[in-house]
Amino acid sequence: MPSTKIWRDEQTRMPMPKEKTNIGLIPMGNAPFFVAKVIQGHIAGYLRLNAEVLEPVEIPLNAFDEKRCQYNAGAILKSLENTKTGDCDKVIAILEEDLFIPIFTHVYGEAKQGGRFAVVSIFRLGEEAGGASPPFPLVCERAAKVAVHELGHLFNLSHCDDERCLMHFSGNLEHLDATNFYFCRYCAAFFRDAVR
(Lines give C-alpha, C1' and ligand atoms only; values in the text may rest on other atoms or scores of the structure.)
Protein backbone atom coordinates (compact mmCIF):
# COMPACT_ATOMS: atom_id res chain seq x y z
CA MET A 1 0.00 0.00 0.00
CA PRO A 2 1.20 3.57 -0.51
CA SER A 3 2.78 5.34 2.41
CA THR A 4 0.48 7.30 4.70
CA LYS A 5 2.47 10.46 3.95
CA ILE A 6 1.60 10.34 0.25
CA TRP A 7 -2.08 9.60 0.87
CA ARG A 8 -2.38 12.50 3.31
CA ASP A 9 -0.65 15.02 1.10
CA GLU A 10 -3.55 16.49 -0.85
CA GLN A 11 -1.14 18.37 -3.11
CA THR A 12 0.02 15.10 -4.70
CA ARG A 13 -3.51 14.02 -5.60
CA MET A 14 -5.13 14.93 -8.86
CA PRO A 15 -8.01 17.41 -8.80
CA MET A 16 -11.44 15.98 -9.50
CA PRO A 17 -12.11 16.01 -13.27
CA LYS A 18 -15.27 17.82 -14.41
CA GLU A 19 -16.63 14.73 -16.14
CA LYS A 20 -15.92 11.32 -14.71
CA THR A 21 -13.77 8.95 -16.75
CA ASN A 22 -14.45 5.25 -16.22
CA ILE A 23 -11.53 2.86 -15.89
CA GLY A 24 -12.19 -0.88 -16.13
CA LEU A 25 -10.01 -3.50 -14.44
CA ILE A 26 -10.21 -7.06 -15.73
CA PRO A 27 -8.66 -9.96 -13.80
CA MET A 28 -7.40 -12.52 -16.34
CA GLY A 29 -6.96 -16.21 -15.61
CA ASN A 30 -6.24 -16.76 -11.92
CA ALA A 31 -5.19 -13.20 -11.10
CA PRO A 32 -6.15 -12.38 -7.50
CA PHE A 33 -9.32 -10.29 -7.31
CA PHE A 34 -7.80 -8.42 -4.36
CA VAL A 35 -4.99 -7.01 -6.53
CA ALA A 36 -7.59 -5.55 -8.90
CA LYS A 37 -9.36 -3.98 -5.90
CA VAL A 38 -6.11 -2.42 -4.66
CA ILE A 39 -5.45 -0.95 -8.12
CA GLN A 40 -9.05 0.31 -8.17
CA GLY A 41 -8.44 2.08 -4.86
CA HIS A 42 -5.25 3.74 -6.11
CA ILE A 43 -6.88 4.98 -9.32
CA ALA A 44 -9.84 6.39 -7.38
CA GLY A 45 -7.75 7.79 -4.54
CA TYR A 46 -4.89 9.35 -6.47
CA LEU A 47 -6.19 10.00 -9.97
CA ARG A 48 -9.74 10.74 -8.77
CA LEU A 49 -11.20 8.63 -11.59
CA ASN A 50 -14.03 6.10 -11.46
CA ALA A 51 -12.64 2.58 -11.55
CA GLU A 52 -14.55 -0.68 -11.51
CA VAL A 53 -13.50 -4.31 -11.44
CA LEU A 54 -15.11 -6.14 -14.35
CA GLU A 55 -15.88 -9.82 -14.75
CA PRO A 56 -12.77 -12.04 -15.03
CA VAL A 57 -11.85 -13.42 -18.46
CA GLU A 58 -9.59 -16.22 -19.61
CA ILE A 59 -6.13 -15.54 -20.99
CA PRO A 60 -6.15 -16.11 -24.76
CA LEU A 61 -4.37 -19.33 -25.63
CA ASN A 62 -2.73 -17.83 -28.72
CA ALA A 63 -0.86 -15.33 -26.49
CA PHE A 64 1.38 -18.08 -25.08
CA ASP A 65 4.79 -18.37 -26.71
CA GLU A 66 6.06 -21.94 -26.28
CA LYS A 67 9.69 -21.05 -27.08
CA ARG A 68 9.80 -18.38 -24.38
CA CYS A 69 7.31 -19.95 -21.95
CA GLN A 70 5.82 -16.48 -21.56
CA TYR A 71 2.75 -14.61 -22.74
CA ASN A 72 2.98 -12.04 -25.51
CA ALA A 73 1.65 -8.74 -24.14
CA GLY A 74 0.76 -7.52 -27.65
CA ALA A 75 -1.41 -10.58 -28.31
CA ILE A 76 -3.25 -10.05 -25.02
CA LEU A 77 -3.88 -6.38 -25.85
CA LYS A 78 -5.28 -7.41 -29.24
CA SER A 79 -7.60 -9.98 -27.62
CA LEU A 80 -8.96 -7.34 -25.24
CA GLU A 81 -10.44 -5.47 -28.21
CA ASN A 82 -13.12 -8.20 -28.36
CA THR A 83 -13.90 -8.10 -24.63
CA LYS A 84 -17.10 -6.53 -23.30
CA THR A 85 -16.12 -3.59 -21.12
CA GLY A 86 -19.38 -1.67 -20.72
CA ASP A 87 -18.92 2.10 -20.67
CA CYS A 88 -15.26 2.01 -19.63
CA ASP A 89 -13.08 4.54 -21.43
CA LYS A 90 -9.81 2.75 -20.63
CA VAL A 91 -9.25 -0.86 -19.53
CA ILE A 92 -6.40 -2.56 -17.68
CA ALA A 93 -6.12 -6.35 -17.58
CA ILE A 94 -4.28 -7.94 -14.64
CA LEU A 95 -2.73 -11.39 -14.78
CA GLU A 96 -0.31 -13.63 -12.87
CA GLU A 97 1.55 -14.93 -15.91
CA ASP A 98 4.94 -13.70 -17.16
CA LEU A 99 4.72 -11.15 -19.99
CA PHE A 100 7.11 -10.19 -22.76
CA ILE A 101 7.30 -8.00 -25.80
CA PRO A 102 9.73 -8.99 -28.56
CA ILE A 103 12.38 -6.40 -27.67
CA PHE A 104 12.48 -7.21 -23.90
CA THR A 105 13.00 -10.41 -21.94
CA HIS A 106 10.00 -9.47 -19.79
CA VAL A 107 7.74 -6.53 -18.96
CA TYR A 108 5.72 -5.66 -15.87
CA GLY A 109 3.08 -4.04 -18.02
CA GLU A 110 2.32 -2.84 -21.53
CA ALA A 111 -0.06 -0.34 -23.10
CA LYS A 112 -0.71 1.03 -26.54
CA GLN A 113 0.25 4.71 -26.41
CA GLY A 114 -2.97 6.72 -26.52
CA GLY A 115 -4.97 3.51 -26.85
CA ARG A 116 -7.74 1.95 -24.80
CA PHE A 117 -6.18 -1.20 -23.34
CA ALA A 118 -3.25 -2.03 -21.08
CA VAL A 119 -2.05 -5.17 -19.34
CA VAL A 120 -0.21 -5.64 -16.03
CA SER A 121 1.54 -8.80 -14.82
CA ILE A 122 2.22 -9.50 -11.16
CA PHE A 123 4.44 -12.49 -12.05
CA ARG A 124 7.78 -10.76 -11.36
CA LEU A 125 6.44 -8.28 -8.81
CA GLY A 126 6.61 -11.00 -6.14
CA GLU A 127 10.37 -11.42 -6.41
CA GLU A 128 13.11 -10.28 -4.04
CA ALA A 129 16.88 -10.53 -4.09
CA GLY A 130 18.00 -13.92 -2.82
CA GLY A 131 14.77 -15.63 -3.83
CA ALA A 132 12.70 -14.48 -0.85
CA SER A 133 9.07 -13.52 -1.30
CA PRO A 134 8.16 -9.91 -0.45
CA PRO A 135 5.12 -9.09 1.71
CA PHE A 136 1.89 -9.22 -0.30
CA PRO A 137 1.10 -5.52 0.36
CA LEU A 138 4.37 -4.64 -1.42
CA VAL A 139 3.35 -6.78 -4.41
CA CYS A 140 0.02 -4.91 -4.50
CA GLU A 141 1.76 -1.53 -4.29
CA ARG A 142 4.06 -2.50 -7.15
CA ALA A 143 1.07 -3.66 -9.22
CA ALA A 144 -0.71 -0.35 -8.57
CA LYS A 145 2.37 1.62 -9.65
CA VAL A 146 2.66 -0.37 -12.87
CA ALA A 147 -1.08 -0.02 -13.54
CA VAL A 148 -1.10 3.76 -13.05
CA HIS A 149 2.06 4.07 -15.18
CA GLU A 150 0.40 2.12 -18.00
CA LEU A 151 -2.77 4.16 -17.57
CA GLY A 152 -0.60 7.24 -18.11
CA HIS A 153 0.45 5.78 -21.47
CA LEU A 154 -3.22 5.21 -22.36
CA PHE A 155 -3.73 8.92 -21.81
CA ASN A 156 -0.76 9.56 -24.10
CA LEU A 157 1.89 10.33 -21.45
CA SER A 158 5.42 9.33 -22.46
CA HIS A 159 8.26 8.19 -20.23
CA CYS A 160 9.53 10.97 -17.99
CA ASP A 161 13.17 11.91 -17.26
CA ASP A 162 12.36 12.69 -13.62
CA GLU A 163 13.37 9.58 -11.65
CA ARG A 164 10.85 10.43 -8.93
CA CYS A 165 7.91 10.55 -11.37
CA LEU A 166 5.64 7.55 -11.78
CA MET A 167 6.02 7.91 -15.56
CA HIS A 168 9.78 7.29 -15.30
CA PHE A 169 10.76 3.96 -16.90
CA SER A 170 11.40 1.26 -14.29
CA GLY A 171 13.51 -1.56 -15.69
CA ASN A 172 13.77 -3.48 -12.43
CA LEU A 173 12.10 -3.79 -9.05
CA GLU A 174 14.70 -1.63 -7.32
CA HIS A 175 13.81 1.26 -9.63
CA LEU A 176 10.09 0.56 -9.27
CA ASP A 177 10.28 0.56 -5.47
CA ALA A 178 12.27 3.82 -5.49
CA THR A 179 9.69 5.56 -7.68
CA ASN A 180 7.22 7.75 -5.84
CA PHE A 181 3.50 7.16 -6.20
CA TYR A 182 2.75 10.39 -8.03
CA PHE A 183 3.39 12.17 -11.31
CA CYS A 184 5.79 15.09 -11.53
CA ARG A 185 4.09 18.45 -12.05
CA TYR A 186 4.56 18.30 -15.82
CA CYS A 187 3.11 14.80 -16.21
CA ALA A 188 0.31 15.67 -13.78
CA ALA A 189 -0.63 18.73 -15.85
CA PHE A 190 -0.50 16.71 -19.09
CA PHE A 191 -2.63 13.97 -17.50
CA ARG A 192 -5.25 16.46 -16.28
CA ASP A 193 -5.52 17.93 -19.78
CA ALA A 194 -5.75 14.47 -21.37
CA VAL A 195 -8.54 13.39 -19.03
CA ARG A 196 -10.54 16.55 -19.78
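Residues numbered from 1 in each chain as written. Predicted model: local features only at pLDDT ≥ 70, side-chain atom pairs only at ≥ 80, totals over all residues. Heavy atoms only, no water.

Chemist: I keep staring at the pattern of salt bridges and nothing clicks. Help me out?
Modeler: When the charged atoms of two side chains with opposite charge come close together, those side chains can pair. Inspection of the entire model under this criterion finds five salt bridges. Its salt-bridge partner being R164, residue D162 comes within 3.2 Å of it at the nearest N-O pair. Exposure remark for R164: the relative accessible area of 54% places this residue in the exposed category. In this structure, the salt-bridge partner of D193 is R196, at a minimum N-O distance of 3.1 Å. (Salt bridge = Lys/Arg side-chain N within 4 Å of Asp/Glu carboxyl O. Buried < 20%, exposed > 50% of the residue type's maximum accessible area, 1.4 Å probe, protein only.)

Chemist: Help me understand the packing of aromatic side chains in this model?
Modeler: Geometry of an aromatic ring pair is reported as the spacing of the ring centres plus the angle between the planes. This structure, assessed with the given rule, holds seven aromatic pairs. Both rings, one in Y46 and one in F181, keep their centres 6.1 Å apart while their planes meet at 85°; by these two values the pair is edge-to-face. Highlighted residues: Y46 in helix α2 (residues 33-47) and F181 in the loop between α5 (173-178) and α6 (185-195), separated in sequence by 135 residues. Overall, F181 belongs to the buried group, its relative accessible area being 4%. Chaining the aromatic ring pairs together yields one cluster made of Y46, F155, F181, F183 and F191. (Phe/Tyr/Trp six-rings, centres within 6.5 Å; stacked < 30°, edge-to-face > 60°. Helix = DSSP H or I, 4+ residues; strand = E, 2+ residues; numbered from the N terminus.)

Chemist: How should the confidence of the model for the protein be read in this particular structure?
Modeler: Model confidence for the protein is summarised by a mean pLDDT of 89, while 89% of its residues fall at 70 or above. Confidence drops under pLDDT 50 across residues 1-11; counting only partners more than four residues distant or on other chains, this segment forms 17 contacts. (pLDDT = per-residue confidence, 0-100. Contact = heavy atoms within 4.5 Å.)

Chemist: Before we go on, may I ask you to explain the sheet that holds strand β7 (residues 104-107) in this structure?
Modeler: Two orientations exist for strands paired in a sheet by backbone hydrogen bonds: parallel and antiparallel. Read across the sheet, four strands follow the order β3-β4-β6-β7 without closing on themselves; strand pairing throughout is mixed. Looking at strand neighbours, the two that pair on one side only are β3 (64-65) and β7, the edges of this open sheet. Contacting β4 (70-72), β6 (99-101) and β7, helix α3 (residues 73-80) crosses the sheet at an angle of about 50° to β4. (Pairing = 2+ DSSP bridges. Axes fitted to C-alpha atoms, helices over the stretch in contact; angles between N-to-C directions.)

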